[in-house]
Amino acid sequence: MKSSLKHILKKYLKYYKIRYRFSLQLWKRQQMLVMHYKRLKESGDLPIIQDTGLKVFSQFEEDGMLLYIFALLEMSNKTFIEFGSDDGVNSNSANLYFHHGFNGLFMDGNPKAIERGQYFFNKRPNITKKAPVFKHAMITAENINELIESSGFTGDIGLLSIDIDGNDYWVWKAIHVVSPQVVIIETHNEFGLNDIVVPYDPNYFYPGKHPDYHGASPIAMTKLAKHKGYRLVGSNTLGFNFIYIREDLLKDELPEVAVESLLTDPSNEVAQSRFEPIKDWEYLTENFN
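A brief look at the structure comes next.

Conventions used here
Residues numbered from 1 in each chain as written. Predicted model: local features only at pLDDT ≥ 70, side-chain atom pairs only at ≥ 80, totals over all residues. Heavy atoms only, no water. Axes fitted to C-alpha atoms, helices over the stretch in contact; angles between N-to-C directions. Helix = DSSP H or I, 4+ residues; strand = E, 2+ residues; numbered from the N terminus. Parallel < 35°, antiparallel > 145°, perpendicular 65-115°, else oblique. Left-handed = near helix turned anticlockwise from the far one by under 90°. Contact = heavy atoms within 4.5 Å. Nonpolar A, V, L, I, M, F, W, Y, C, P; charged D, E, K, R; others polar. Core = buried A, V, L, I, M, F, W, Y, C linked by side-chain atoms within 4.5 Å. Buried < 20%, exposed > 50% of the residue type's maximum accessible area, 1.4 Å probe, protein only. Pairing = 2+ DSSP bridges. Polar contact = N/O pair within 3.5 Å; in protein donor to acceptor, adjacent residues only side chain to side chain.

Regarding the packing of helix α2 (residues 24-43) against helix α3 (residues 62-72)
Reasoning step 1: Axis separation between α2 and α3 bottoms out at 9 Å; the angle between their running directions is 55°. Of the possible angle classes, the one that applies to α2 and α3 is oblique. Judged by the twist between their axes, the crossing of α2 over α3 is right-handed. Residues Gln-30, Leu-33, Val-34, Tyr-37, Lys-38 and Lys-41 of α2 pack against Leu-67, Tyr-68, Ala-71 and Leu-72 of α3.
Reasoning step 2: When the residues that make up the contact of α2 with α3 are grouped by side-chain class, the tally is 7 nonpolar, 1 polar and 2 charged.

Below, the structure written as structure tokens:
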């Protein structure tokens, strides 16, 4: 009997959690939070971004951090592009879509994930917006601009989210048809404070020849960000999803932070131990001077 009740309770809590994601109660709480951040901006008494985490749809606490940034930006551009998003449900953009009127583009290389996403977002539409654009594509540095432009997106956008477990660095470096206010991108914290990037391979498919041999270190990614006109302002607690903001925005409210300050979670030491078997493999260090 206890086992049966436990199973029923577990199913109920899972159902409640899913329903709560779309509840009026959650929408109201987030609107109150946006207004709270705006008042704090006026008073100059803002929290640090690392204290604003909140998980609704995101993998970790990225939803809250992005909400904080876009509240300070007055929600001035409600457009997102996210790729490596699977079905877009547990993504960095879903909360902005369902609760804050954003819309945009999801891209992924898995056609079944794209079908799931289309079904999910059409079943639970944002009443103020049409469903996002979903595109099935294998993304490379060579095709990314055409993929974005052919989907109807150019110029200024609010959010660019990149997580393709491979050529994230090279794809972001190649993008020029859009200018995001905010970029969130996965770095390879296994590489520690080394300034290294795995060479570009247009045919890469995770896990490749080693599951940790891909991507760019936090230091290398931040150098690229600066080259493209962005500064580092935060990350998720585990220190691998880095958040950058365009240099012309919120200079006083969101100061630049050091890479080292975001790699303090104990999990980073464990992650960096996995670098040992591949430390002598081929890596690049880019110089933008």
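Side note on the nonpolar core
It is characteristic of soluble globular proteins that their nonpolar side chains tend to be buried jointly.
Reasoning step 1: Judged by nonpolar contacts, the single largest core of 38 residues is most densely connected at Ile-69, Phe-70, Phe-121, Leu-159, Val-182, Ile-245 and Leu-254.
Reasoning step 2: Where this core is concerned, the elements lending two or more residues are α2, α3, α4 (94-100), α5 (111-123), β5 (178-186) and β7 (241-246).
Reasoning step 3: Beyond its immediate stretch of four places on either side in the chain, Ile-69 contacts Ile-49, Val-182, Val-233, Ile-243, Ile-245, Leu-250 and Leu-254.
Reasoning step 4: Counting residues in each nonpolar core, the second largest holds 36 residues, with Ile-148, Leu-160, Val-177 and Ile-219 among its members.

Looking at the environment of Tyr-68
Reasoning step 1: With respect to the element layout, Tyr-68 can be found in helix α3.
Reasoning step 2: Note on Tyr-68: relative accessible area 0%, which makes it buried.
Reasoning step 3: Remark: the alpha-carbon pair of Tyr-68 and Pro-47, spanning 21 residues in sequence, is separated by 9.5 Å.

A word on the sheet that holds strand β1 (residues 79-83)
Backbone-to-backbone hydrogen bonds join strands into a sheet, with any given pair of strands oriented parallel or antiparallel.
Reasoning step 1: Read across the open sheet, the 7 strands follow the order β3-β2-β1-β4-β5-β7-β6; overall the sheet is mixed. Single-partner strands in this sheet number two, and they are β3 (133-136) and β6 (230-235). Along the sheet, successive strands turn relative to each other by an average axial angle of 20°, direction set aside.
Reasoning step 2: Sheet topology note: the β1/strand β4 (residues 155-162) ladder contains 4 bridges and is parallel. Within β4, the residue paired with Phe-80 across the bridge is Leu-159.

Focus on the environment of Lys-228
Reasoning step 1: Here Lys-228 is to be found in helix α8 (residues 218-228).
Reasoning step 2: Classification of Lys-228 by relative accessible area gives partly exposed; the value is 24%.
Reasoning step 3: Remark: the alpha-carbon pair of Lys-228 and Arg-246, spanning 18 residues in sequence, is separated by 8.6 Å.
Reasoning step 4: Here Lys-228 is in contact with Trp-172, Lys-173 and Ile-175, once residues within four sequence places are set aside.
Reasoning step 5: Only 3.1 Å separates the side chain of Lys-228 from the backbone oxygen of Trp-172, close enough to count as a polar contact.
Reasoning step 6: Polar contacts involving the side chain of Lys-228 include one to the main-chain carbonyl oxygen of Ile-175, which spans 3.1 Å.

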